[in-house]
Amino acid sequence: MDADPDLVVQTEHLGRRFGKLEAVRDVSFSVRRGEIFGILGPNGAGKSTTIRMLCGLLVPTSGRGTVAGFDIAREPELVKTRIGYMTQRFSLYEDLTVQENLHFYAGLYGLSGRRRRDRVGTVLERNGLTGRAAQLSGTLSGGWKQRVALACAMLHEPPLVFLDEPTAGVDPVSRRTFWDEIHRLASDGTTVIVTTHYMDEAERCHRLAFVFRGALLDLGTPAEILQRRGLRVAETVAESRAMLEVLRADPRVEEVAPFGARLRVTTRAAHDPAAVIREAQARSGAPHADVTEVRADLEDAFVSMVRDDARTA
Amino acid sequence: MTRLLAIAWKELIQLRRDRPTLAMMVMLPIMQLLLFGWAIDTDVRHIPTTVLDFDRTAASRELAHSLEATGSCDVIGAVHDPAELSRALRSGAARVGLVIPARYAEHLAHGHPVTVQLVVDGSDPQSVSSATTAAGGLIAQRALALVMGTAALREPPLSLEATTWYNPDLRSAVNIVPGLVGIILTMTMVMLTAMAIARERERGTLEQLVVSPIKRWELILGKILPFVVIGYVQMTLILTVGRLAFDVPVVGSLALLYALAFGFIAANLAIGLFFSTIARTQQQAMQMTFFFILPNMLLSGFMFPRDGMPRPAQRLSEILPLTHFLRIIRGIALRGAGFDDLRGELGKLAVILCVLVVLSSLRFRKNLS
């Protein structure tokens, strides 16, 4: 493996078995400093297993990887000192105040005395938590808890931070604020690896890894991934059952999905989805309704990738 | 060290905020002490007794009075035939029946042998045994007086002078207060440790700890150190209240007692740690603690003397840390035993402690990853 100091994470053919179950297989990617790297995939796809290996919690059964310059299999304890980690449930101690939580996590990462006080003060201020320092964490709202959790993970100024579904159960405004903070961290040179279910969040990542059934389906910037899938999408307002049947039977159609009153039809780039819809309207005798082509998004790409994978499996 | 202290400090804050648990840790020893100290008296007295007197003479009435005078039996009434006696016992109105045969006084006067019958309700062996002992003593004394009267001796040819050391009044509290130190320490130490780790697991904070650079021993020590302090506080509380309320002194060296208690506290913390690796929730941790406490209460010699137990039960009780600690604390507190007197018990406790520490740290390591 090259010792490129700018590559904060590097994995080669990383894999992990649990008995007969192959939870992760042959995962190779690298993450540059200051990058926001998203890992996408349904539940049980191997996202958490991958992250746990990168954090030094789980030893890989095949392949290898380095995180912040340390080997994840041989030097997991050194890896742990160089990373921040925020779990899905924002593991704060609810019976401790915000400040006490920060002091505790600072101590956990070996900060003591003056340096601990300074870092806690800085982090409180930076995250707008000064006014809530004395509040019990259990009484904070989801968005605030999440901020405190992120602050805890950043106390020891790690070059790399893992965020495992950090916005699960948080309101949209707080999610926005949180992602602004993630971008600020990244522009300061912190590398962020984040798992998420939300496609709008995926679009805010610099690069993405699509994980499904333990394997890496695609890797690249959101634009690259969309381009590689080569999908076109059109929408119409008509909702006729007969037309839906016709569209589902059409081999050119990748996916048909109703969204409220709209019907969203995805095709490969070679076909015009608008034309496909009009044909279907004519064939099923459905009334003519407006058809507009819209931009394909990551969710379309993701669904189509998973379908492809299921077909070949 | 910074990391260890961070854990211990956090644990103390959580404990301070958890008022119900804190109250329980102070109230539990005091409540138990008062209950066991006042309510429980293994020396059973005033057993309800009925008399079936076929003789109805001054001598037979005097015998019944003498039995009552021993303090063990209270004569609550008289019955007139065997059927009535068995009803009285069956209903529980009386637990003991004294049956005096016809012509009792007459036979005694003529020097003929007489047998007085004592019927006891064996469904509660402990209480009736004191009645049997009291009645047996009384009759033996009478018989001796009769024999001596005929032989015209002034003093009995053989007599026993029993001297009771360490607890001359045979008060139960003297036995129970030091024992309670052991029971309370076992209960709280095991439960607190098991629950403290199960709680982290339940709330998802354990994962956050595991991804931090904290070492396992730092995590374990940091978590249990505050409990050691609590253990000593409880021990001091029980000994102080025991002294003030029940006049149970510590005869031997207090310093030695506190020093040796450390091994016992550590053994219980190791058991709690072991339970925490099995329990997924706090509730399970609690149930395991109660499951563990029962054999401790019954087998350790806290409630029932171990001398009376069958061999297998005795051997089983040897693996309980409490069994050895009870011998140590009763030795020091009541008999003024020194280090040399307790060497054997200490050795066994040390072996148990080592085994427990190895077992629980092995399991704890496997369980985290």
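Draft legend 1. Local environment of the overall build of chain B. The number of helices and strands found in chain B is 14 helices and four strands. For 369 residues, the compact-globule estimate of 2.2 N^0.38 gives 21 Å, and chain B exceeds it by more than 25% at 28 Å. Along the first, second and third principal axes, the C-alpha atoms of chain B reach 95 × 45 × 40 Å. For chain B, with 369 residues in total, the buried portion stands at 47%. Working note: accessible area of chain B is about 18,800 Å², and carbon and sulfur atoms make up 64% of it.

Draft legend 2. Spatial organisation of the sheet that holds strand E11 (residues 231-236) of chain A. All names here are of chain A. With respect to topology, four strands assemble into an open sheet ordered E12-E13-E11-E14, the strand pairing being antiparallel. Of all the strands in the sheet, just strand E12 (253-259) and strand E14 (291-294) have a single pairing partner and so form its edges. Direction aside, the axes of adjacent strands within the sheet are offset by 25° on average.

Draft legend 3. Spotlight on the domain arrangement of chain A. Taken as a whole, chain A is organised into domain 1 (7-225) and domain 2 (231-295). With centres defined by C-alpha atoms, the gap from domain 1 of chain A to domain 2 of chain A works out at 40 Å.

Draft legend 4. Representation of the sheet that holds strand E4 (residues 117-120) of chain B. Residue and element names in this part refer to chain B. Pairing within the open sheet is mixed, and its four strands lie in the order E2-E1-E3-E4. Two strands close off the open sheet at either side, each with one partner strand: strand E2 (73-79) and E4. Each strand axis lies, on average, 25° off the axis of its neighbour in the sheet, ignoring direction. Pairing between strand E3 (residues 96-100) and E4: four bridges, direction antiparallel. Each bridged residue has a counterpart across the sheet, and for Gly97 the counterpart in E4 is Val119. In the packing of helix H3 (residues 58-69) onto the sheet, contacts are made with strand E1 (47-53), E2, E3 and E4, and the angle to E2 comes to roughly 145°. Strand contacts of helix H4 (residues 82-91): E1, E2, E3 and E4, with the helix running at about 175° to E1, the strand carrying the most contacts.

Draft legend 5. Expanded view of the nonpolar core. Membership of the largest hydrophobic core comes to 142 residues, with the highest contact counts inside it found for A:Val9, A:Leu102, A:Phe162, A:Leu163 and B:Phe227. With 14 residues, helix H7 (residues 172-203) of chain B is the largest single contributor of residues to this core. Core analysis: the second largest hydrophobic core is formed by 18 residues, B:Met195, B:Ala198, B:Ala313 and B:Ile352 among them.

Draft legend 6. View of the interface of chain B and chain A. With 23 residues of chain B in contact, the opposing surface of chain A contributes 28 residues. Taken together, both faces of the contact between chain B and chain A bury some 2,400 Å²; the carbon and sulfur share is 60%. The interface formed by chain B and chain A holds eleven residue pairs in polar contact (both at pLDDT 80 or more) in total. Taken together, the elements giving at least two residues each to the side of chain B that touches chain A come down to helix H1 (2-17), H7 and helix H8 (205-211) of chain B. With nine residues, H1(B) is the single largest residue contributor to the side of chain B that touches chain A.

Draft legend 7. How the structure looks around helix H10 (residues 254-278) of chain B. Under the 1.5 Å per step criterion, the end-to-end length of H10(B) is 36 Å for 25 residues, consistent within 8% with the ideal 36 Å. Of the residues flanking the start of H10(B), the one acting as N-cap is B:Ser253, its side-chain oxygen 3.3 Å from the backbone nitrogen of B:Ala255.

Draft legend 8. Layout of a nonpolar patch on the surface. A contiguous nonpolar patch, built from B:Leu294, B:Leu298, B:Met303 and B:Phe304 and spanning about 340 Å² of accessible area, is present on the exposed surface. Following the sequence through the fold, B:Leu298 ends up in helix H11 (residues 282-299).

Draft legend 9. Local environment of the pattern of salt bridges. Taken as a whole, this structure holds 47 salt bridges over all chains when the rule is applied. With a closest N to O distance of 3.6 Å, A:Asp272 and A:Arg232 form a salt bridge. Taken together, the residues A:Asp272 in the loop between strand E13 (262-268) and helix H10 (273-284) and A:Arg232 in strand E11 connect sequence positions 40 residues apart. Ionic pairing is found between B:Glu318 and B:Arg306, a salt bridge with its closest N-O pair at 3.3 Å.

Draft legend 10. Highlighting the side chain of B:Ser300. Residue and element names in this part refer to chain B. Tracing the backbone through its elements, the reader meets Ser300 in the loop between H11 and helix H12 (311-318). Polar contacts involving the side chain of Ser300 include one to the main-chain amide nitrogen of Phe302, which spans 3.2 Å. Filtering out sequence-adjacent residues up to four positions away, Ser300 remains in contact with Pro295, Arg306, Leu322, Thr323 and Leu326.

Draft legend 11. Broad picture of empty space enclosed by the protein. Considering all chains together, one arrives at two cavities of 30 Å³ or more under this definition. Its boundaries defined by the atoms lining it, the largest cavity holds a volume of some 80 Å³. If you trace the largest cavity, you find it lined by A:Tyr85, A:Met86, A:Thr87, A:Phe90, A:Ser91, A:Leu92, A:Tyr105, A:Tyr109, A:Ala149, A:Cys152, A:Ala153 and B:Gln208. Where the lining of the largest cavity is concerned, the elements lending two or more residues are strand E6 (83-86) and helix H5 (142-154) of chain A. Broken down by element, the lining of the largest cavity gets its largest block of residues, three residues, from H5(A). Classifying every residue of the lining of the largest cavity gives nine nonpolar, three polar and no charged. Taken as a whole, the second largest cavity spans an internal volume of roughly 50 Å³. Surrounding the second largest cavity, A:Tyr93, B:Lys10, B:Glu11, B:Gln14, B:Ala196, B:Arg199, B:Glu200, B:Arg203, B:Thr205 and B:Lys223 form its lining.

Criteria and cut-off values
Residues numbered from 1 in each chain as written. Chains lettered and ligands numbered in written order. Predicted model: local features only at pLDDT ≥ 70, side-chain atom pairs only at ≥ 80, totals over all residues. Heavy atoms only, no water. Helix = DSSP H or I, 4+ residues; strand = E, 2+ residues; numbered from the N terminus. Rg over C-alpha atoms; globule rule 2.2 N^0.38 Å. Buried < 20%, exposed > 50% of the residue type's maximum accessible area, 1.4 Å probe, protein only. Areas by Shrake-Rupley, 256 points an atom, 1.4 Å probe, with all protein chains shown as cover. Pairing = 2+ DSSP bridges. Axes fitted to C-alpha atoms, helices over the stretch in contact; angles between N-to-C directions. Domains from an automatic or database assignment. Contact = heavy atoms within 4.5 Å. Core = buried A, V, L, I, M, F, W, Y, C linked by side-chain atoms within 4.5 Å. Buried area = accessible area lost by both parts, 1.4 Å probe. Polar contact = N/O pair within 3.5 Å; in protein donor to acceptor, adjacent residues only side chain to side chain. Expected span 1.5 Å × (residues − 1). Patch = residues over 30% accessible without salt bridge, like charges linked within 9 Å, V, L, I, M, F, W, Y side chains within 5 Å. Salt bridge = Lys/Arg side-chain N within 4 Å of Asp/Glu carboxyl O. 1 Å grid on protein atoms, 1.4 Å probe; cavity = no way out; pocket = protein on both sides within 12 Å on 5 of 7 lines; lining within 4 Å. Points joined across faces, edges and corners; volume = space filled by probe spheres on them. Nonpolar A, V, L, I, M, F, W, Y, C, P; charged D, E, K, R; others polar.

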